[in-house]
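Each chain, written out:
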Amino acid sequence: MNKIFRLSFVAITAATAIIIGCKQSFLETTNPNQLTESKFWKTEADVMAAIASVYSPMRLPLSGYWGAFRGYQDINALGDDVLTIPGGEPSTIQIANFINDATNGDSQDIFAKLYNCIYRANLVVENTGQVGLNATLTKSYVAEAKFLRGLAYFILASNYGDVPVKLTIAQSSDDANVESAPAAAVYEQAIKDLSESAADLPATRPTGNKGRATKGAAIAFLGKAYLYIKDYPKAETTLASLVDPASGYDLNGNFEDNFTDKNEFNKESILEWVYGPFNSQYSPWNEESGGNAMYNYRPQLTGSNGSGGWFKYIPSQFVIKEFKKELRPNGSDTKFDKRMYATFMWKYADFGETDKTWYDNMTFEALWAAASTSIDRFESVYKNFPEGKFLNKKFTNALRPEKNADNYWAAVPSTANVEVMRFAEVLLLHAEAAILNNHPDLAMADINRIRVRAGLSAKTLADFPGSGDLMAELQHQKLLELYFEQNRWNDLKRWYPSADALKNYMTANLKQGADKIQARHYIFPIPVAELQTNKKITQNPLWK
């Protein structure tokens, strides 16, 4: 297990004391036992503790960007591939239905945590040089901090648009207030950080440090950033270096292994957050305290009531229809795409296959019955199931033979790492850039690697004769491959730059709240708390 993350919530307690206390005046009274900035930044262990603190805001088990109560819940809720169960947290319901505003607590918390990450990264960049490490080690730590800062700015640019760019530690409250930069400039800073970090990060990490950023992670997000700003030539060239077999990355043989605690850090893993059986499972709410739980709480939000989960989401009928569009070839061991069996649970006999059970031999009927009260909260239009009744399996503990396996208060919670970036996404990003650069042969090769792993037949360009047919196949495969992995909403924004077109598309797919989509919903508003604190910025124009 990754040493830096075993250290993180202990080391962070010390490191954040420094981080929070930096540049403060303590008047005439000082505590000789208090850890201060002048006493920190002395050893490599200090730098390690500071680096751990930079990761923390994005990977907190509950409220980090990929944690169960913030980005995972809210960014997924915006897509048309899931429906959010009514009656849950108001902030999430607002976002899922496109009725959020600048007071929304979730988007405000994401914003704040990303700037926590940036502030801590800036501390590492500014102070590591004074510790006295050799040049190579110093560059590596600075590169790691820049990667995380670049990742934070990439998320801010794609989710908030115009935001402040902060690259130094403020010496006064006035310095801390910075006006917003255009989204293009925020992307530019993200690309600069990711590019510089790619030059100095190691290609691999030893066993005790797996989960820390590598050159491959920096390149992958650099390519993704280029794609988001429509620099397709650079996106294709950048991502091609990872698609090359010499990179060492490849698709894992078993798709489902990417979402369980089996076969972690496999050849498909480019960046994954480490979770594990550290500290008490009953204390997930303490954020960065020394005893904070380090388990993965996604199953708690995703699982059916019958498995002890809180059952926040159900797959949309749209995504089920898309999965069922193409059956596997005659003679295959399953009827549907292999990914479907790793992604959902359903009554197999309804579709001509042998039924299966999950958890402690629970049938689908039992799981559905337990969830039915929650499902009944939907408006009638969402309670028709022409494609059949399905529940989420991805990110649950369905394979664990225990009662209430999705409830962190009962069974041992999930220790599965979270894949932030995996090679399958790199292939699909590269394929998209290749199509837009008029290199359909390269895109077809990427897509076929995804298709074959899913148990589907390889295709040729002759199968996609229309001008937009290959792009439609790319979009279809990305929907199936990356379902519920915080990509769908940003993909849709890119593919449907017109709000009216996106509204019509998502309304046709029966996405809840789609009729309320406006151009402003392509980004979150600057949180009201930030506007009240930083008098140098104004609200994003779309939200004024």
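Residues numbered from 1 in each chain as written. Predicted model: local features only at pLDDT ≥ 70, side-chain atom pairs only at ≥ 80, totals over all residues. Heavy atoms only, no water.

### Here we look at the overall build of the protein chain
The condition is simple: For helices the rule is a DSSP run of H or I covering at least 4 residues; for strands it is a run of E covering at least 2, with both sets numbered from the N terminus onward. Each radius of gyration is computed over the set of C-alpha atoms, and the globule rule expresses the reference value as 2.2 Å times the number of residues to the power 0.38. Only protein chains enter the calculation, and the probe is 1.4 Å; a residue is then buried if its accessible area is under 20% of its type maximum, exposed if over 50%, and partly exposed in between. Two residues form a contact once any of their heavy atoms are found within 4.5 Å. Here, Shrake-Rupley sampling with a 1.4 Å probe gives the accessible areas, and only protein chains in the shown set may cover a residue.
Along its length, the protein chain carries 20 helices and eight strands. The C-alpha atoms of the protein chain give a radius of gyration of 23 Å, which matches the 24 Å a tight globule of 544 residues would have. Its C-alpha atoms put the protein chain at 75 × 50 × 50 Å along the principal axes. Within the span of the protein chain, comprising 544 residues, buried residues form 60% of the whole. Long-range pairs, those at least 24 residues apart, make up 68% of the contacts in the protein chain with a sequence separation of at least 6. Accessible surface, the protein chain as shown: approximately 20,800 Å² in total, 52% of it carbon and sulfur.

### A word on unusual backbone geometry
The phi torsion at Lys230 lies on the positive side, around 70°, for a residue other than glycine. Its place among the elements puts Lys230 in the loop between helix 9 (215-228) and helix 10 (232-243). Here the phi dihedral of Asn404 falls at roughly 55°; this positive angle occurs in a residue that is not glycine. In this structure, Asn404 sits in the loop between strand 7 (391-392) and strand 8 (418-422).

### Side note on the nonpolar core
Most often, soluble globular proteins have nonpolar side chains that are buried together. Formally: In plain words, nonpolar cores are sets of buried Ala, Val, Leu, Ile, Met, Phe, Trp, Tyr and Cys residues tied together by side-chain atoms within 4.5 Å.
With 105 residues, the main nonpolar core has Phe147 and Trp273 as its most contacted residues. For this core, the leading source of residues is helix 6 (residues 135-160), giving 13 residues. Core analysis: the second largest hydrophobic core is formed by 51 residues, Val82, Leu83, Met362 and Leu391 among them.

### Section: the confidence of the model for the protein chain
Going by this rule: For every residue, the predictor assigns a confidence score, pLDDT, that lies between 0 and 100.
Residue-level pLDDT values for the protein chain average 92, and 93% of them are 70 or greater. The low-confidence segment residues 1-14 (pLDDT under 50) makes 52 contacts with residues lying over four places distant or belonging to another chain. Long-range and interchain partners of residues 17-33, a stretch whose pLDDT sits below 50, account for 21 contacts in this model, where long-range means more than four residues apart.

### Side note on the side chain of Thr128
Looking at where Thr128 falls in the secondary structure, it is placed in the loop between helix 5 (105-127) and helix 6. Apart from residues no more than four positions distant in its own chain, Thr128 is found in contact with Trp41, Val47, Thr138, Tyr141 and Val142.

### Examining the pattern of salt bridges
Threshold: Salt-bridge detection follows one rule: a side-chain nitrogen of Lys or Arg within 4 Å of a carboxyl oxygen of Asp or Glu.
For the structure shown, the criterion picks out 35 salt bridges. Here Lys113 and Asp109 are joined by a salt bridge, their closest N and O atoms 3.1 Å apart. Of this pair, Lys113 and Asp109 both sit in helix 5, four residues apart, which is roughly one turn of the helix. Measuring nitrogen to oxygen at the nearest pair gives 2.8 Å for the salt bridge that ties Glu268 to Arg422. In this pair, Glu268 is assigned in the loop between helix 10 and strand 4 (269-273) and Arg422 in strand 8, connecting sequence segments 154 residues apart. Here the two residues Glu268 and Arg422 agree in accessibility, since each one is buried.

### Brief notes about the environment of Lys511
For the record, the criterion: Polar contact is defined as a pair of N or O atoms within 3.5 Å, subject to the rule that within protein one atom must be able to donate a hydrogen and the other to accept it, and that residues adjacent in sequence are counted only when both atoms are side-chain atoms.
Mapped onto the elements of the fold, Lys511 is located in the loop between helix 19 (499-508) and helix 20 (528-533). Given a relative accessible area of 2%, Lys511 falls into the buried group. Taking the C-alpha atoms as reference points, Lys511 and Phe395, separated by 116 residues in sequence, lie 22 Å from one another. Within the structure, Lys511 has its side chain in polar contact with the backbone oxygen of Ala77 (distance 2.5 Å).

### Concerning the packing of aromatic side chains
To describe a pair of aromatic rings, you give the distance between the ring centres and the angle between the ring planes. Note the cut-off: Only rings of Phe, Tyr and Trp enter the pairing, Trp through its six-membered ring, and a pair is recorded when the two centres are within 6.5 Å. The plane angle decides the type: under 30 degrees is stacked, over 60 is edge-to-face, the rest tilted.
Per the stated rule, a full pass over the model turns up 41 aromatic pairs. Ring centres of Phe318 and Tyr505 lie 6.3 Å apart, and the angle between their planes is 85°; this geometry places the pair in the edge-to-face category. Remark: Tyr505 occurs in helix 19 and Phe318 occurs in helix 12 (residues 317-323); sequence separation between them is 187 residues. For Phe318, a relative accessible area of 10% corresponds to the buried category. Ring geometry for Phe344 against Tyr483: centres 5.1 Å apart, planes inclined by 65°, an arrangement best described as edge-to-face.

### Re helix 10
For clarity, the cut-off: Expected span of a helix: the number of residues minus one, times 1.5 Å.
Its 12 residues give helix 10 an end-to-end C-alpha distance of 16 Å, which sits within 8% of 16 Å, the value for a rise of 1.5 Å per residue. For helix 10, the complete set of buried residues consists of Tyr232, Ala235, Glu236, Thr238, Leu239, Leu242 and Val243. Tucked inside the fold, the buried residues of helix 10 contact helix 9, strand 4, helix 15 (423-436) and helix 16 (440-453).

### Some remarks on the side chain of Gln512
Within the element layout of this structure, Gln512 appears in the loop between helix 19 and helix 20. In this structure the side chain of Gln512 is engaged in a polar contact, spanning 2.5 Å, whose partner is the backbone nitrogen of Thr84. When sequence neighbours within four positions are dropped, the list of residues in contact with Gln512 reads Leu83, Thr84, Ala96, Asn97, Phe98, Phe378 and Tyr382.

### Description of the environment of Leu239
Assignment of secondary structure puts Leu239 in helix 10. The sequence separation of Leu239 and Leu428 amounts to 189 residues, and the corresponding C-alpha distance is 9.9 Å. Once residues lying within four places of it in the same chain are set aside, the contact partners of Leu239 are Ile219, Ala220, Gly223, Lys224, Val426, Leu429 and His430.

### Brief notes about the pairing of strand 8
As a reminder of what qualifies: Two strands qualify as a pair provided DSSP detects at least 2 bridges between them.
The buried count for strand 8 comes to five of five residues, which makes it a mostly enclosed element. As paired strands, strand 4 and strand 8 are joined by four bridges and run antiparallel to one another. Counterpart to Ser269 in the pairing with strand 8 is Arg422.

### A closer look at the packing of helix 6 against helix 9
The cut-off we apply is this: Each axis is a line fitted through C-alpha atoms, and for a helix only the stretch in contact is used; angles between axes span 0 to 180 degrees, taken between their N-to-C directions. Put simply, angles under 35 degrees are roughly parallel, angles over 145 are roughly antiparallel, angles from 65 to 115 are roughly perpendicular, and the rest are oblique. Working rule for handedness: look at the near helix, and if it is turned counterclockwise from the far one by less than a right angle, call the crossing left-handed; if clockwise, right-handed. Only Asp, Glu, Lys and Arg are considered charged in this grouping, and only Ala, Val, Leu, Ile, Met, Phe, Trp, Tyr, Cys and Pro are considered nonpolar; every other residue, Gly among them, is considered polar.
Relative orientation of the contacting elements helix 6 and helix 9 amounts to 25°, with a least axis distance of 11 Å. Accordingly, the angle class assigned to the pair helix 6 and helix 9 is roughly parallel. The interaxial crossing formed by helix 6 with helix 9 has left-handed handedness. Across the interface between the two elements, Phe147, Leu151, Phe154 and Ser158 of helix 6 pack against Ala217, Ala218, Phe221, Lys224, Ala225 and Tyr228 of helix 9. Here the contact of helix 6 with helix 9 is built from residues that sort into eight nonpolar, one polar and one charged.

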